[in-house]
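What follows is the residue order along each chain.
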Amino acid sequence: MNDCLFCKIVKKEIPSETVAETERALAFKDINPGAPTHVLVIPKEHIPSAQELDAAHGDLLGELFELMAKIASDAGLSRGHRLVTNVGPEAGQSVDHLHFHVLGGRPMSWPPG
Ligand code: AMP
Ligand code: ZN
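Sequence order as written defines the numbering, with residues in each chain counted from 1. Chain A is the first chain written and ligand 1 is the first ligand written, with later ones labelled in order. For this predicted model, a pLDDT threshold of at least 70 governs which residues receive local features, and a threshold of 80 or more governs which side-chain atom pairs are given and counted, while totals over whole chains, interfaces and linings are taken from all residues. No hydrogens and no water enter the side-chain calculation; it runs on all heavy atoms of the structure.

## A closer look at the sheet that holds strand β3 (residues 37-43)
Only strands joined by at least two bridges in the DSSP assignment are considered to pair. Under the scheme used here, helices are H or I runs from DSSP no shorter than 4 residues and strands are E runs no shorter than 2 residues, and both carry numbers assigned from the N terminus. Strand order in the open sheet made by the five strands is β1-β2-β3-β5-β4, with antiparallel pairing throughout. Taken across any chain shown, the strands that pair with only one partner, and hence form the sheet edges, are β1 (18-21) and β4 (81-84). Neighbour-to-neighbour, the strand axes of the sheet open up by a mean angle of 20°, direction not taken into account. Pairing between β4 and strand β5 (residues 100-104): four bridges, direction antiparallel. To define axes, lines are fitted to C-alpha atoms, for helices over the stretch in contact only, and angles between the resulting N-to-C directions are given on a 0 to 180 degree scale.

Structure below.
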């Protein structure tokens, strides 16, 4: 996807603060953090949102969740953290490339706004 912001970050055409990287996944700091720890975890391949996922993505999703668990551990989030993926405009998805927010380091309320 030529005009996708996160594809450009994967290709290093736009700078980001990398937190971790695997063969199929990239984790980088959110540019506008909503918590002391706010990392975005994305597949390197372009997938628009969780709505396009199916069983064929099982291995990829396992890799993404393993990476998120490591990020939370490395950030010392032993008291808890939140994993979020927004799907579509009404949920607040602003970048149409699947991404999981890893948020932690402060108490959080529920339900989210
Ligand atoms: P969402 O609103 O769920 O689609 O999340 C998109 C996230 O991407 C927001 O939290 C933004 O702050 C973040 N974001 C936008 N541009 C960048 C960028 N260049 N580098 C890092 N994070 C970004
Ligand atoms: Zn993309």
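## Overview of the nonpolar core
Judged by nonpolar contacts, the single largest core of 14 residues is most densely connected at A27, V39, V41, L64, L67, I71 and V102. Elements with a contribution of two residues or more to this core: β2 (25-29), β3, α2 (58-74) and β5. Per element, the largest residue contribution to this core is five residues, and it comes from α2. The contact criterion used is simple: two residues touch if any of their non-hydrogen atoms lie within 4.5 Å. Setting aside anything within four residues of it in sequence, one finds V41 in contact with L26, A27, L64, L67, M68, I71, L98, H99, F100 and V102. Only buried residues count toward a nonpolar core. Its members are Ala, Val, Leu, Ile, Met, Phe, Trp, Tyr and Cys residues joined through side-chain atoms within 4.5 Å. Here's how the labels work: a residue is buried when its accessible area is under 20% of the maximum for its type, exposed when over 50%, partly exposed in between, all with a 1.4 Å probe on protein chains only. If you look at the next biggest cluster of nonpolar residues, it comprises ten residues, including C4, C7, I9 and L26.

## Section: the environment of E63
Structurally, the position occupied by E63 is in helix α2. On the basis of relative accessible area, E63 is assigned to the buried category, the value being 18%. Placed 20 residues apart in sequence, E63 and P43 show a C-alpha to C-alpha distance of 9.2 Å. Residues in contact with E63, not counting those within four places in the same chain, are T22, E23, R24 and A25.

## Topic: the pattern of salt bridges
Close approach of charged atoms allows side chains with opposite charge to pair. A pairing counts as a salt bridge when a side-chain nitrogen of Lys or Arg comes within 4 Å of a carboxyl oxygen of Asp or Glu. In total, this model carries five salt bridges according to the counting rule given. Put simply, E17 and K29 hold a salt bridge, and the shortest N to O gap is 3.4 Å. Within this pair, whereas E17 is found in the loop between α1 (5-10) and β1, its partner K29 is found in strand β2, the two being separated by twelve residues in sequence. Ionic pairing is found between K44 and E21, a salt bridge with its closest N-O pair at 2.9 Å. Residue K44 is found in the loop between β3 and α2, and its partner E21 is found in strand β1; the two are separated by 23 residues along the sequence.

## Some words on the coordination of the zinc ion (ligand 2)
Each metal's donors are the N, O and S atoms within 2.8 Å of it, or within 3.2 Å when it is Na, K or Ca, and because water is not part of the set, sites may look incomplete. The coordination sphere of the zinc ion (ligand 2), as far as protein atoms go, consists of C4 (SG), C7 (SG), H46 (ND1) and H97 (ND1), spread over 2.1 to 2.3 Å. Every donor counted, the four donor atoms about the zinc ion (ligand 2) form angles of 106 to 116° at the centre, which fits tetrahedral coordination. All donors to the zinc ion (ligand 2) come from one chain, and their sequence spacing reads C-x2-C-x38-H-x50-H. In this pair, C7 sits in helix α1 while H46 sits in the loop between β3 and α2, placing the two residues 39 residues apart along the sequence. The rule is simple: four donors are tetrahedral if all their angles sit between 85 and 135 degrees, four are square planar and six octahedral if opposite donors span more than 155 degrees and the others lie between 65 and 115, and anything that fits none of that is irregular.

Remember, this is a structural readout, not a statement about activity or role.
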